[in-house]
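Read off the chains here:
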Amino acid sequence: MADNEEAKPAGSKKLVIILAAALAVVLIAGGFVVMTLMNGNKAAAEPDPATLPGSIYAMEEPMTLNLSDGKFLKVGIALQMSKAGDAKLAAAGHSEKPDISAARDAAISILSKYTYEDLLKPEKKDEAQKKLTQEVSKRFEGGVLSVYFTEFVMQ
């Protein structure tokens, strides 16, 4: 019986050592995961200047253009720049009043493809605005977040 009693404590010691080692591995892995998540959150907490709204530049005068069905559209537009777009304009020396003739050209190209009846429908007007935003953003190298209609009169 004495042999059995001595064998049990040695087995218990092995079990304690194994549990302690497993616990240490879990704690180390947990610490690694927490540190990784914290570093990821720091990156997420610093917003991208390309997605932050910057200045808004409006066309001085609205323009009148022909729609595809012969009707007319008088439209004014404004550009919502990103912070990164503002920085690009400032670096190019256009921080006060940038040249938005590329946006005017894009508006003519895109809006003139629509008919009067198309633009009466809110979903088509929204579609036209989205297409215009995409094209203007390309022309300003991604520095434009949105194009707003400041005036929109059809005849």
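Basis of the calculations
- Residues numbered from 1 in each chain as written.
- Predicted model: local features only at pLDDT ≥ 70, side-chain atom pairs only at ≥ 80, totals over all residues.
- Heavy atoms only, no water.
- Helix = DSSP H or I, 4+ residues; strand = E, 2+ residues; numbered from the N terminus.
- Buried < 20%, exposed > 50% of the residue type's maximum accessible area, 1.4 Å probe, protein only.
- Areas by Shrake-Rupley, 256 points an atom, 1.4 Å probe, with all protein chains shown as cover.
- Salt bridge = Lys/Arg side-chain N within 4 Å of Asp/Glu carboxyl O.
- Patch = residues over 30% accessible without salt bridge, like charges linked within 9 Å, V, L, I, M, F, W, Y side chains within 5 Å.
- pLDDT = per-residue confidence, 0-100.
- Arc of directions from axis to C-beta.
- Contact = heavy atoms within 4.5 Å.
- Expected span 1.5 Å × (residues − 1).
- Lys, Arg positive; Asp, Glu negative; His and termini not counted.
- Polar contact = N/O pair within 3.5 Å; in protein donor to acceptor, adjacent residues only side chain to side chain.
- Phe/Tyr/Trp six-rings, centres within 6.5 Å; stacked < 30°, edge-to-face > 60°.
- Lys NZ or Arg CZ within 6 Å of the ring centre and 35° of its normal.
- Pairing = 2+ DSSP bridges.

Caption draft 1: Expanded view of the overall build of the protein chain. Helix and strand counts for the protein chain come out as five helices and four strands. Along its sequence from the N terminus, the protein chain presents helices and strands in the succession α-β-β-β-α-α-α-α-β. Going through the 155 residues of the protein chain one by one, you find that 25% of them count as buried. Working note: accessible area of the protein chain is about 10300 Å², and carbon and sulfur atoms make up 60% of it.

Caption draft 2: Quick peek at the pattern of salt bridges. Applying the stated criterion across every chain yields a total of six salt bridges. Note that Glu 151 and Lys 74 form a salt bridge whose closest N and O atoms lie 3.6 Å from each other. Placement of the pair is Glu 151 in strand β4 (residues 144-154) and Lys 74 in strand β3 (residues 72-82), with a sequence separation of 77 residues. The partly exposed category is assigned to Glu 151, whose relative accessible area is 27%.

Caption draft 3: Region of interest: a nonpolar patch on the surface. A grouping of Phe 32, Val 33 and Leu 37 is seen on the molecular surface, where their side chains present a nonpolar patch of about 330 Å² in accessible area. Mapping Leu 37 onto the fold places it in helix α1 (residues 2-45). Overall, Leu 37 belongs to the exposed group, its relative accessible area being 54%.

Caption draft 4: Inspection of the confidence of the model for the protein chain at higher detail. On average, residues of the protein chain carry a pLDDT of 85, and 86% of them reach 70 or more. Predicted confidence in the protein chain is weakest over α1, with a mean pLDDT of 68, and strongest over helix α4 (residues 116-120), with 97.

Caption draft 5: Representation of helix α3 (residues 101-111) in the model. When we look at burial in α3, the residues that qualify are Ala 103, Ala 106, Ala 107, Ile 110 and Leu 111. All buried residues of α3 fall inside an arc of 105 degrees around its axis, so they share one side. Elements in contact with the buried residues of α3: β2 (63-66), β3, α5 (122-139) and β4.

Caption draft 6: Local environment of α5. End to end, α5 covers 26 Å across 18 residues, agreeing with the expected 26 Å (1.5 Å per residue, within 8%). For α5, the elements touching its buried residues are β3, α3, α4 and β4. Glu 141 lies just past α5 and shows a positive phi near 50 degrees.

Caption draft 7: Local environment of the side chain of Asp 86. If you trace the backbone, Asp 86 turns up in helix α2 (residues 83-91). Of the side chains with opposite charge, Lys 83 comes closest to the buried, unpaired Asp 86, at an N-O distance of 5.5 Å. Engagement of the side chain of Asp 86 in a polar contact is seen with the backbone nitrogen of Ser 55, the distance being 2.8 Å.

Caption draft 8: Inspection of unusual backbone geometry at higher detail. Despite not being glycine, Glu 141 has its phi angle at roughly 50 degrees, a positive value. Position of Glu 141 relative to the elements: it lies in the loop between α5 and β4.

Caption draft 9: Representation of the packing of aromatic side chains in the model. Tallied over the entire structure, the rule returns one aromatic pair. Consider the rings of Phe 149 and Phe 152, whose centres lie 4.9 Å apart with planes at 50 degrees: the pair is tilted. Owing to a relative accessible area of 18%, Phe 149 belongs among the buried residues under this scheme. Sitting above the plane of the Tyr 116 ring, Lys 71 keeps its charged end 5.1 Å from the centroid. Sitting above the plane of the Phe 152 ring, Lys 125 keeps its charged end 4.4 Å from the centroid.

Caption draft 10: Structural view of the pairing of β2. In β2, alternate side chains face the same way, and those of Met 63 and Leu 65 are buried while those of Thr 64 and Asn 66 on the opposite face are not. Where β2 and β3 come together, four bridges link them in antiparallel fashion. Paired with Thr 64 across the two strands is Lys 74, which belongs to β3. Hairpin connection from β2 to β3: five residues lie between these consecutive antiparallel strands, with Gly 70 at a positive phi of about 90 degrees.

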